[in-house]
Amino acid sequence: MKSRMVRLAIFVAGSWLWAADAGSAPEATTATKRIVMIEPDVQLMELDAGGILEPRADWTKAAQNFIDKYLRAHFAKSGAELVNADRPTPRDIQLVKLHAVVAKAILTHVFNRDARLRNKASPLDWTLGRGTNEMRDRYGADYALFIFVRDSYATSNRKLVEVFGNLAGAKLDVAEQEGFASLVDLRTGNIVWFNRLLSGFGDLRTKEPAQQTVDALIKGIPL
Amino acid sequence: MRFGSYGRMVLAAAMLLCCGTESGHAGASEVLAPGYRPAPDTEEGGLWAQMDRQEAELKVSPALVTDEALNTYVRKIVCELAGDYCASLRVYIVDEANSNAFTAPNGMVVVWTGLLLRCQNEAELAFVLGHEITHYLKRHSLLNLQKEIQTNGSFAGLTAAGGIGRLFEQVAAGRIASHSRDQEREADAGGFDLVVDKGYDPGQGAFFMANTAEEEEANPNRTKQAAYRASHPDMKERLTVLTKRADDIGAQPHANIVGAEAYRAAIGPHRAAWLEEEFNRGEFAESVAMIKQLMKDEPQSGELQYYLGEAYRRRNANGDLKNAMTAYQAAIAAKDAPNAAHRGLGLVSLKANQKTAARDEFQKYLSLVPMASDRATVEYYLATMGGSP
Amino acid sequence: MRIRILLLPVFCGALAACQSFQGEKSVYVGDGITIDPQIEWTSAAGPRAAIPGLGLERLLFLTERDTSSVWTIDGLGLDELVFLTGVTAGDPLFRSQGVAPKDMVRYNTTMLPDDVMDMIAGTLGKAGDQQLRTSALRPVPFGTVTGFRFDLAYTTQDGLQMKGTALFAQRGKKLDVILFLAPSEYYYDRYAPTVEKIFSSVQVPDVPATKPAS
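Residues numbered from 1 in each chain as written. Chains lettered and ligands numbered in written order. Predicted model: local features only at pLDDT ≥ 70, side-chain atom pairs only at ≥ 80, totals over all residues.

Enquirer: I would appreciate a short explanation of the overall build of chain B in the present structure.
Expert: A tally of regular secondary structure across chain B gives 16 helices and 3 strands. A buried classification covers 54% of the 389 residues belonging to chain B. For chain B, contacts bridging at least 24 residues in sequence account for 69% of all contacts bridging at least 6. (Helix = DSSP H or I, 4+ residues; strand = E, 2+ residues; numbered from the N terminus. Buried ≥ 20, exposed ≤ 12 C-beta atoms within 10 Å, placed from the backbone. Contact = placed C-beta atoms within 7 Å.)

Structure, rendered in structure tokens:
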């Protein structure tokens, strides 16, 4: 594991960034690209002095709003349209669950160089299959965006403990963000872009840090 | 609460993992107001939001039993018991073979099909649901989760990745939705009052609990769950209390709706499928005990006899070949035996080296189900068993 | 207690060069059985594992028997070819986390093919698979002996619908099982034709591998 100081110092927005190769890259056409997003899987928790994690509905709600807002702002600028899948069907949910297993495989086998699979060098080697065509038709979308974030924040007491703990050389878990974002081409089902977020100091609860976090989460997205 | 768990069905949550000591909360817990919803910046609000997510996922889960008639039936019982709180409670029947039901803090009532399979009448189910509604009204889950947070530093399964299935796993393992013994007493008392108030037979709750204990005790491999053992004094104590209260009422004139026919009509179309799934728990000794309990009320049921035969065949302990044979034969003698009873009898006859009987039964099976998906296998048995054709 | 969601416990350590089956036409999978892998797989768990420890999260059978292994192409949970070979009387098919071995269904040599199918289903059910259904038990060649196939469908604890197909044979006093498991959404159908070829490629020695010396 990376040292605390390193994690505190920088955003690690994925060890590598993959852009889709020319063959599968979103085509630069004049038509507006439409991206469907099923509710981002976001959860914020509070880490108190005793090391206790508590989900915070208010923070989660705030984070979801910020993510939605900054994603919309990004795509408005880039000329893509973001639509929400408000009432996902059972088939949509199956695709979301399949994506979760795919993402786990990617995080396991790509971001860990020691656990490589044959013929799998990058996230772009994974697919959800053409079952995504159904989503494409239903939402009239070209891509699906999947967002997953788990984020925890220390209370001020906890931060004091961390400072002193660190001085004393104690190993303490630090509040941190973990997550990923993934873009799927609904025509082929292929993952065309994937990014991991791992950060020690992002904040999704307040405006500016939230924007930084969203920027880091979608850094390099080809849309 | 736990009317069952990981296959170990113990009503007594006294035996739970997370609440080993007496709860100081239970007696003092306040009753929710109808339509209550906590503020989102509170711990309770965080919990509700968690459960709302799980509920949203459950709504589109492949495990959800969507049959409208069955849902209407169970919902109606919940609503009658819950009265003013009916609108706050949402019932979900989930295809899960273990015996359990629980109510989440946000009013999501989850009933597993393994519980519906085990209840023998409406009054038993009403008691279980009344018990659950009481946990909800008294906010027991919130108190327990607060306690768990203090003890373990997290919500266990709740914060982990993974959906409703993982939540159920946590419930089954007794890591969440478990209650202290005081809370169980309170829920028993509340459930009992609700049931009696609605005119149900007061003794059925105790019957269900006794059956649950008996099924648990039938399993010889329960060492790991020894703490959950039905012989645990708390379970005995609760059973005694419930029986005493039922007897007290029974001594006076009282309403006594049992609702066995209505109940059987409601679950009848599903029972065979639930029994098939029961075996995937791999707890055949429990299955044998449970099916025998059901047979007390329906000794003529060819369906139950067939599944008893299946349970014996799978358990395969000493004498089970003979037991299975007897059960399959009884099934075939009854009117409503599934055709597969002939295959079952063929299999155990073959194993007992009774080749003529095996041949007859396999042939009957194939003539009754000519398009059976396992036809080639049965033909293989016929072709390879030897003996006179 | 922190809950690590993304940083999965992969105990790689010093990793030998990737062990896969590129170009090999005949790979030994235990109990005298060889198969033609058809395409390139990574052995995720088992004696030739390229990724030691990976299988532990779901199945703990590795410590039980050195002839058990799991191959994958896209990752565990997406496609798994599971070999459980040389299961002897009294053995479970595999050990499952949180379940005592004696609580697992165990093999015995008097089992008929129907019993074996039920045992495999019961074992998967015990390991946490839900709403499991089996169908179409049928005899098929297993090398030069008779084996059996059946199909299965289930839902994972995370709610993903899965399909599977099983090939097994009872040879001598031992049971050999090969399972293919994958999500119903895309992955199962993607590899099903390959799996058919792999199942057809099974070769066993003419004499049962476990025939007692006499």
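Back to the text.
Enquirer: Looking at this model, I keep getting lost on the overall build of chain A. Mind explaining?
Expert: Of the regular secondary structure elements, chain A holds 6 helices and 8 strands. Starting at the N terminus, the α and β elements of chain A follow one another as α-β-β-β-β-α-β-α-α-β-α-β-β-α. Among the 223 residues that make up chain A, the fraction classed as buried is 48%. When contacts within chain A are restricted to residue pairs at least 6 apart in sequence, long-range pairs at least 24 apart make up 72% of them.

Enquirer: Explain unusual backbone geometry to me, please; I cannot follow it from the model alone.
Expert: Here the phi dihedral of B:Asn353 falls at roughly 65°; this positive angle occurs in a residue that is not glycine. The backbone phi angle of C:Gln38 is positive, close to 70°, even though this residue is not glycine. The exposure class of C:Gln38 is partly exposed, given the 17 C-beta atoms found within 10 Å.

Enquirer: Is there a simple way to think about the sheet that holds strand S3 (residues 42-45) of chain C in this case?
Expert: Hydrogen bonding along the main chain pairs the strands of a sheet, whether they run parallel or antiparallel. Residue and element names in this part refer to chain C. Strand order across the open sheet formed by 7 strands is S3-S4-S5-S9-S8-S7-S6, with antiparallel pairing between neighbours. Strand pairing shows two members of the sheet lacking a second neighbour, S3 and strand S6 (130-142), which therefore form its edges. Here the average twist between neighbouring strands, direction ignored, is 20°. Strand direction decides the pairing type here: strand S5 (residues 80-87) and strand S9 (residues 174-183), joined by 6 bridges, are antiparallel. Residue pairing across strands places Phe 83 opposite Ile 178, the latter belonging to S9. Against the sheet, helix H1 (residues 113-126) touches S6, strand S7 (145-155), strand S8 (161-171) and S9, its axis set at about 145° to S6. (Pairing = 2+ DSSP bridges. Axes fitted to C-alpha atoms, helices over the stretch in contact; angles between N-to-C directions.)

Enquirer: How should helix H4 (residues 122-137) of chain B be read in this particular structure?
Expert: Residues and elements named next belong to chain B. Under the 1.5 Å per step criterion, the end-to-end length of H4 is 22 Å for 16 residues, consistent within 8% with the ideal 22 Å. Where burial is concerned, most of H4 is hidden: 16 out of the 16 residues are buried. Following H4 by one or two positions, Arg 139 has its phi on the positive side, about 55°. (Expected span 1.5 Å × (residues − 1).)

Enquirer: Looking at this structure, how should I read the packing of helix H15 (residues 355-368) of chain B against helix H16 (residues 375-384) of chain B?
Expert: Residue and element names in this part refer to chain B. Where H15 meets H16, the axes come as close as 10 Å, and the angle between the chain directions of the two elements is 155°. What the angle tells us is that H15 and H16 run roughly antiparallel. H16 is crossed by H15, and the crossing has left-handed handedness. Here Arg 359, Phe 362, Tyr 365 and Leu 366 of H15 come into contact with H16, specifically with Arg 375, Val 378, Tyr 381 and Leu 382. A breakdown of the residues in the contact of H15 with H16 according to their chemical character gives 6 nonpolar, no polar and 2 charged. (Parallel < 35°, antiparallel > 145°, perpendicular 65-115°, else oblique. Left-handed = near helix turned anticlockwise from the far one by under 90°. Nonpolar A, V, L, I, M, F, W, Y, C, P; charged D, E, K, R; others polar.)

Enquirer: Teacher, can you tell me more about the sheet that holds strand S1 (residues 90-94) of chain B here?
Expert: Residue and element names in this part refer to chain B. If you trace the 3 strands from one edge of the open sheet to the other, you get S1-S3-S2, paired in mixed fashion. Among the strands making up the open sheet, the edge pair consists of S1 and strand S2 (101-103). Neighbour-to-neighbour, the strand axes of the sheet open up by a mean angle of 15°, direction not taken into account. For S1 and strand S3 (residues 108-112), the ladder comprises 5 bridges, and the chain directions are parallel.

Enquirer: Before we go on, may I ask you to explain the nonpolar core in this structure?
Expert: One finds A:Ile35, A:Val102, A:Ala144, A:Leu145, C:Ile120 and C:Val177 to be the most contacted residues of the largest nonpolar core, which totals 119 residues. No other element matches the 11 residues that helix H3 (residues 90-109) of chain A contributes to this core. In this structure, A:Leu145 is in contact with A:Ile35, A:Met37, A:Ala181 and A:Leu183, ignoring residues within four places of it in sequence. Judged by nonpolar contacts, the second largest core, of 84 residues, contains B:Ala104, B:Val109, B:Ala330 and B:Ala358. (Core = buried A, V, L, I, M, F, W, Y, C linked by C-beta atoms within 7 Å.)

Enquirer: How do you make sense of the pairing of strand S4 (residues 68-72) of chain C when you look at a structure like this?
Expert: Walk down a regular strand and you will see the side chains alternate between the two sheet faces. Residue and element names in this part refer to chain C. For S4, the buried fraction is high: 5 of the 5 residues fall into the buried class. Residues Ser 68, Val 70 and Thr 72 line one face of S4 and the alternating positions Ser 69 and Trp 71 line the opposite face, and both faces are buried. The pairing of S3 with S4 spans 3 bridges and is classified as antiparallel. If you follow Ala 45 over to S4, its bridge partner there is Val 70. With 4 bridges connecting them, S4 and S5 associate as antiparallel partners. Counterpart to Ser 69 in the pairing with S5 is Phe 83.

Enquirer: Just to check I follow, could you spell out the pairing of S6(C) for this structure?
Expert: The pairing of S6(C) with S7(C) spans 9 bridges and is classified as antiparallel. Within S7(C), the position partnered with C:Arg133 by the bridge is C:Ala153.

Enquirer: Help me understand the environment of B:Phe362 in this model?
Expert: Residues and elements named next belong to chain B. Here Phe 362 shows up in helix H15. The buried category is assigned to Phe 362, around which 24 C-beta atoms lie within 10 Å. Between the alpha carbons of Phe 362 and Ala 340 there is a distance of 9.5 Å; along the sequence they are 22 residues apart. Contacts of Phe 362, omitting those with residues within four sequence positions, involve Arg 343, Gly 346, Val 378, Tyr 381 and Leu 382.

Enquirer: Explain the environment of B:Ser373 to me, please; I cannot follow it from the model alone.
Expert: Tracing the chain through its elements places B:Ser373 in the loop between H15 and H16. Judged by C-beta crowding, with 14 C-beta atoms within 10 Å, B:Ser373 ranks as partly exposed. Spatially, the C-alpha atoms of B:Ser373 and B:Asn318 are 31 Å apart, while their sequence positions differ by 55 residues. With sequence-adjacent residues up to four places away left out, B:Ser373 is seen in contact with C:Ser135 and C:Ala136.

Enquirer: What should I look at first to understand H16(B) in this one?
Expert: Spacing of three or four residues puts side chains on the same side of an α-helix, whose turn is 3.6 residues. Residue and element names in this part refer to chain B. Restricting attention to buried positions, one finds in H16 the residues Thr 377, Val 378 and Tyr 381. The buried residues of H16 occupy an angular sector of 100° when the element is viewed end-on, so they sit on one face. Taken from the residues just after H16, Gly 386 is the one with a positive phi, measuring 75°. (Arc of directions from axis to C-beta.)

Enquirer: Whenever I open this one, the confidence of the model for chain B confuses me. Can you help?
Expert: Any region with low pLDDT has predicted coordinates that should not be read closely. All names here are of chain B. On average, residues of chain B score 81 in pLDDT, and 79% of them are at 70 or above. Within the model, pLDDT remains below 50 along residues 1-29, and this stretch shows 108 contacts once partners closer than five positions in the same chain are excluded. pLDDT under 50 marks residues 223-231. Its contacts with residues more than four places away, or in other chains, come to 14 contacts. Prediction confidence for the complex, expressed as pTM and ipTM, is 0.82 and 0.82 respectively. (pLDDT = per-residue confidence, 0-100.)

Enquirer: It is not clear to me how the packing of helix H14 (residues 340-351) of chain B against H15(B) should be interpreted in this structure. Could you clarify?
Expert: A packed helix pair is summarised by two numbers, namely the angle formed by the two axes and the spacing between the axes. Residues and elements named next belong to chain B. Taken N-terminus to C-terminus, the directions of H14 and H15 make an angle of 160°; their axes are 8 Å apart at the nearest point. When the axes of H14 and H15 are compared, the pair comes out roughly antiparallel. Note that H14 runs across H15; the crossing there is left-handed. Seen from H14, the contacting residues are His 342, Arg 343, Leu 345, Gly 346, Ser 349 and Leu 350; seen from H15, they are Ala 357, Ala 358, Glu 361, Phe 362, Lys 364, Tyr 365 and Leu 368. In terms of residue class, the contact of H14 with H15 is built from 7 nonpolar, 3 polar and 3 charged.

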